Every structure is written in C-alpha cells, then in structure tokens.
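# Structure at a glance
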Amino acid sequence: MASNTSATAGRSRRASVIDSSDRARAGKAQPTSARPAAAAPSARIIIADFSPSVDQGAFAAKAVVDDPIAITADIFTDGHEKLAAAVLTRAGDEDAWSFHPLVAQPNDVWVGEASFSQLGRHQLKLQAWLDVWGGFVRDLAKKRDASRDLVLDIMEGRQLLEAAQGRATGAAATVIAAALADLNAAGSDPALVLLDDHLEAAMATANDRPFLAESFIQPVEVERRAARFSSWYELFPRSQTDDPARHGTFTDVVARLPHIAAMGFDTLYFPPIHPIGLSNRKGRNNTLTPGPDDVGSPYAIGAAEGGHTAVHPELGTLEDFKALLAAAAAQGLEIALDFAIQCSPDHPWLKEHPGWFDWRPDGSLKYAENPPKTYEDIVNVDFYAEAAAPGLWEALRDVVLFWADQGVKAFRVDNPHTKPLPFWQWMIAEVKARHPDALFLSEAFTRPKPMYHLAKVGFSQSYTYFTWRHTKAEFQAYLTELNTAPARDFFRPHFFVNTPDIDPYFLQTSGRPGFLIRAALAATLSGLFGVYAGFELCESAALPGREEYLDSEKYEIRPRPDRAPGDIVDEITALNRIRREQPALQTHLGVEFHNAFSDQVLYFSKVAPGRTDRILVAISLDPFTARETDFEVPLWLHGLQDWDGIAVEDLIEGHQFRWTGKFQHLRLTPERPYAIWRIGGEA
C-alpha cells in the first residue's frame, strides 16, 4: 500500500502523539502507565535473541583476530513494513562505529558476521529500522506486474526522492538527482526509473532510518589465534636430566626443545619455576618426612632467594630463562608459566607483609587445606584482609606483568576458583591493557557455574570435565553444551588428557590403546589439546585406588627418555600434524554428531567456516576389543542423494578413494582405535 508507505515516511520525522480524543474513543479511562501517549514512543521494532550475548553485555564474548563472528537475531515489527538491520562494531577506545549489513532469513531471523583485526576489547551492537524506500519499490514492482494504475505511486516515489536528496552526499546524491531528472524526462518509464537497483543502493545510504531500534552493547575480547588453537606439552624443568640425583636446568630444557617441537606441540608449559621453601618441605609421594636431598613441591613458592618474581637457583638464572625463551621461539614453541597464588612459609611476603595472610588465634599461620587434606608446605594469602587491598592485589598483578615483560604471554592459573572473582576480572583487564596478547588458562576443576563465570571475567581458556567423560552419550551431551549458547560465546575448553595431579582411572587400566583413544578424543574434539610429560610414553602407575601418580613428579625428579617401547609418540605427532593442516579441527565449535550404529563408537564431523570439505572422525571408546559398525556418511550436508558418491581422503594413511552411498562400514581395533577422513575434496 503505497499511500501507507508515504505516510509512514512522514511520521518518521515527528514524535508519535496520541491526543485525548483518541483516548475518549477507547471508551474508558486507562491507568497513566498504560495510556497510549506513554506507550506510543516505545520501540516499534523488536530486536530479540541477539547472539553473541554474554549476560546481555555484562561480560565480553570471545573472539580471535580476523575470525568472523556469526551474528544472529530475531528482528521484526508490526504490519508489512520492510526492515533493514546492521551490526555496528568499534574498538573499545574509538568513537566511530563500523557498519555491516545484516541479511534477512525466514521467520524473522537476521544473520551477518563481524571480524576484528586488532587485539583487545571491542564492542558490537545491532540496529534495525524501517526501510521505507525498500518497502516502496517492493510494492511498486508487485503493482506494476499486476498492471495497476501507478500515478499516485509515482508521485509518492518522487516525494521520497526529494526528501532523500537533502540527506544524500557524494555518489548517492548524484544518483538520486539523476533519477529525479529522469522522472521528468519525456518518454521515460517512471516505474523503471524508480525500480533501478543503483537507485535503491543510493537510497539505502540516504535512509533517515525511521523508528530506529538498537540492542544493548556487547563487548568482545579479541585474542590471538592461540587462544582457541594450541597444543600444549607440560614438563618439569628440573626433570630434564638423565640422572635423578642431578637437578635439571633451563639449559637442559633447551636440549629437549627439538623433540617436543617435532611432536607438533606449540606451547611448552612449566609448573612454578620459583624458589621452593624449606619449611615443612614435602618428601617423595607427599610425605611429611623429607630427606636432605628431596627437592620439594614447586607449588611451595618462596624462599630466602625470593618469591614469585625469582627463579629457583638450581634451575639457573633469569638470564638463563630468557635464553630458553629465545631458543623455544626459534623452535616455534611458546613458553607458558604457572601462576599459583600461594606461598611457602619461607616466602619473603610473610615478613614484609604479614597482613596479607590468614593467622590463627594462637598466632600460627593457617596452612592451605582441602579437608581432609592439609598442605603443610603452603599458606594462602587473604585477599580481604584489612591490609591486603590494594597492596596484595597490585603485587599479584605486578608478578604477572613482570613475567609478561620478560616475554611470557601465556599463563596457566592454579585453582582460580578458590580466589575472588573480582580480583581476576580486575587483574586480567590490567594485564591485557598493557599486554593484549596475554592468555590465561583456568585450571578450575570446579562446579559448572563457577567454571563458566571465570571465563566470563576474562580467562581465555579453561580445563574441563573432559577427563571424566567416557561414554558416547556423555561426549555428545558435553560437546553439545559447549557448542550451544551461552557457553559457545565465551567458553573455550582445553582438553588436557592428564595432569601431574590427575592420573585418570581409564588410563590406569586401558594400556596403550587407552592412551591412543584419549589423545584422539582431545585432539579432534577441541582446538586446545594438552598432555603432561609421560603420557606419550603411556605412563600410568598410580597410588592404589586413587587418580594420582605413584612417585609423583611434584615431589621428586623424574627423568624420561624421548622414546620408549610401546610409546605413542608417532601417533601424537600425526594428530598434531592433522590439526595444523585442517582448520576444522582448530576449534571445539561446529561439531556435528552422526549415526554410527555402535554405542562404543563416537562419530562426528566438523567444517571450517568458508570451507566446503568436511572432516569426519570415528573413535572407538573400547580399548580392549575391536569394534565394527555401519555408519552414515552425511551426503545430505553436501547436497548429495543417499546413493551418490563422494571423494574421501584418509588423513592418517594418506590415501584417497571414493565412498558410494550413505551407508559405509568401519572396523576399529585397539591398535588403531580411530579414523580421520576428509570428504568433499578431489579424490
């Protein structure tokens, strides 16, 4: 209805007013808050279910430099008016917004994308408005096709052009002026003039956006690629020796770098490298009776030689550490350090700042504990002690800044869920303001909501419940949760297969096939994959009845060879190679589970944004028995019929072939419990 469109255009430039005669016609008085005069100025256009959204903008969504973020929202209005919508983005320190149109989909869904080329905090928001010209030409075309009289419509179109001419600039003004001239030209077809695509584009730039609606502002934390894709290897520098009686050094670690890099790891992570206290030092296997040669736990941080900004003398000097950083970089490895907020009773802070600690009524220090466990070699700071703010908070921030200034930009944080959430939000923001490339890995084996909230307040990645997921149903449920809003917008799962604290029961009993299974699951389900040294050698000896290593490296020096009979070094190397080569495996997002007709075979696919090829992964969850099953090739996702063929590449064996038909057969054995294919490419 062209007349309605024209009237709408006029109304857009004055306030919506409903007078007393309108209320009288309603037949009865209404409460003040519900009167039309109060309701009319409210948003006519609705923007709902905006994604990404993290508590409606209270916390930042996560993104990676140059990775497109998918934008979706439900946007609609009353009547048959045509809408236009866009996502607006800007860096946190900028005033101007960049403008990216959204595209309408069925059922009032609008989609688009945004990307950011710089690290740091950014913002995005959505806007929607009436597309008066778009609605006018849509209806004009329908009327013209129906051979309707268009005289009044042509007049209304002229009015809209004349109004837009006063707003247009540059090329758009030239196009609009030419259209007005063509309308007056003898022999022209006014309808064709008004329906010109170039004119529609010009009018879009001159749109005064009537009834403009705007969403909340959603912050976005843009990080480097390693925030979502990295392969971590954890080792104790002191164990890089061929003799348990000789303490390893940073220089010894340098000799191990080529082997670690050759396995395909890109991040080398150390537990604390600081001086270790002598008071209440732990002996082997966490005993309270250490011998004179026991090295203690590196988590008992602080001694006469210094605290969190010092290095353990037996490892070397700060200059030795910086030389290690350079040597690692030459091998393509980044060094990550552990940030553990705890102190041995010998830490210098206890004498310098006794008000930062928790003292018992008898004047003794309160040891760290997780009842019934007590950690006698560790004491905790008290963030809310009267003397702690701001000094303690600033000192801890300065510890991270110190190591960042040395060149360390990745930090694994020990037990962050036991420290105040406001501290993490403040501290991470402070560090990223100076080092926007800094990454923080949360070692928070805790309840789901605290784990997620740590990600919201700033942690780049997090340890997860992967260790305790075993069945097909458990993996499908957990990955579906991680791929669904809101978690997908802010949480990045890091799938560590083991840690110095956790020797999983599955690995204790499953032998070499179990190590292959867990490596394949972690390496293909998440872009973030980590192992603690010894995993590649299939180490599994445990304390009886516990998920803890026998002869734990936390309390002694544990030399290891690069290779051992029955190791899985070659398999880990191949998994890391495939991860590097296939962008689809560089994130946990985008996983789709498909039918494999066995409860012991997990089968899924991933597709990288902008790619047409698909990675298929099948993993047996049974380390003891060969498993055979039929499975469905998702031909329908490639626009193919169930009987069609598709090119396949076996990414492990390296050969190419074709599958014909949707149903195929698979046999997985304990010796080779997984398969990885790429489909949709050329065979």
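Let me begin by describing the structure that accompanies this report. Computed from a prediction, not measured in an experiment: that's the story for all the values here.

The rules behind each value
- Residues numbered from 1 in each chain as written.
- Predicted model: local features only at pLDDT ≥ 70, side-chain atom pairs only at ≥ 80, totals over all residues.
- Heavy atoms only, no water.
- Helix = DSSP H or I, 4+ residues; strand = E, 2+ residues; numbered from the N terminus.
- Expected span 1.5 Å × (residues − 1).
- Buried < 20%, exposed > 50% of the residue type's maximum accessible area, 1.4 Å probe, protein only.
- Arc of directions from axis to C-beta.
- Patch = residues over 30% accessible without salt bridge, like charges linked within 9 Å, V, L, I, M, F, W, Y side chains within 5 Å.
- Areas by Shrake-Rupley, 256 points an atom, 1.4 Å probe, with all protein chains shown as cover.
- Salt bridge = Lys/Arg side-chain N within 4 Å of Asp/Glu carboxyl O.
- Axes fitted to C-alpha atoms, helices over the stretch in contact; angles between N-to-C directions.
- Left-handed = near helix turned anticlockwise from the far one by under 90°.
- Contact = heavy atoms within 4.5 Å.
- Nonpolar A, V, L, I, M, F, W, Y, C, P; charged D, E, K, R; others polar.

A rise of 1.5 Å per residue sets the reference length of helix α5 (residues 151-165), with its 15 residues, at 21 Å; its end C-alpha atoms lie 21 Å apart and thus fit the reference within 8%. Residues D153, I154, E156, G157, L160, L161 and A164 constitute the buried set of α5. Projected onto a plane normal to the axis of α5, the buried residues spread over an arc of 160 degrees and lie on a single side. Turned more than 90 degrees away from the buried face of α5, the exposed residues are V151 and L152.

Our focus in this paragraph is a nonpolar patch on the surface. Judged by side-chain polarity, V151, L152 and M155 come together as a nonpolar surface patch covering roughly 310 Å² of accessible area. For L152, the position within the fold is in helix α5. A residue is classified by how much of its surface remains accessible, and L152, at 60% relative accessible area, is exposed.

As a working rule, side chains carrying opposite charge can pair if their charged atoms are close by. Taken as a whole and assessed by the stated rule, the structure comprises 42 salt bridges. Here K125 and E214 are joined by a salt bridge, their closest N and O atoms 3.1 Å apart. Note that K125 is positioned in strand β8 (residues 120-130) and E214 in strand β9 (residues 213-214), a separation of 89 residues in sequence. A residue is classified by how much of its surface remains accessible, and E214, at 45% relative accessible area, is partly exposed. The residue D622 makes a salt bridge to R627 at a minimum N-O spacing of 2.9 Å. Given the relative accessible area of 8%, D622 is considered buried. On the accessibility criterion, R627 (28% relative accessible area) is partly exposed. Connected via shared salt-bridge partners are D338, R412, D414 and E443.

The next point concerns the packing of α5 against helix α6 (residues 170-184). Across the interface, α5 lies against α6 with an axial gap of 10 Å and an inter-helix angle of 150 degrees. In the packing of α5 onto α6, the handedness of the crossing is left-handed. Touching R158, L161, E162, A164 and Q165 of α5 are I176, A177, A179, L180, L183 and N184, all from α6. Classifying every residue of the contact of α5 with α6 by side-chain character gives seven nonpolar, two polar and two charged.

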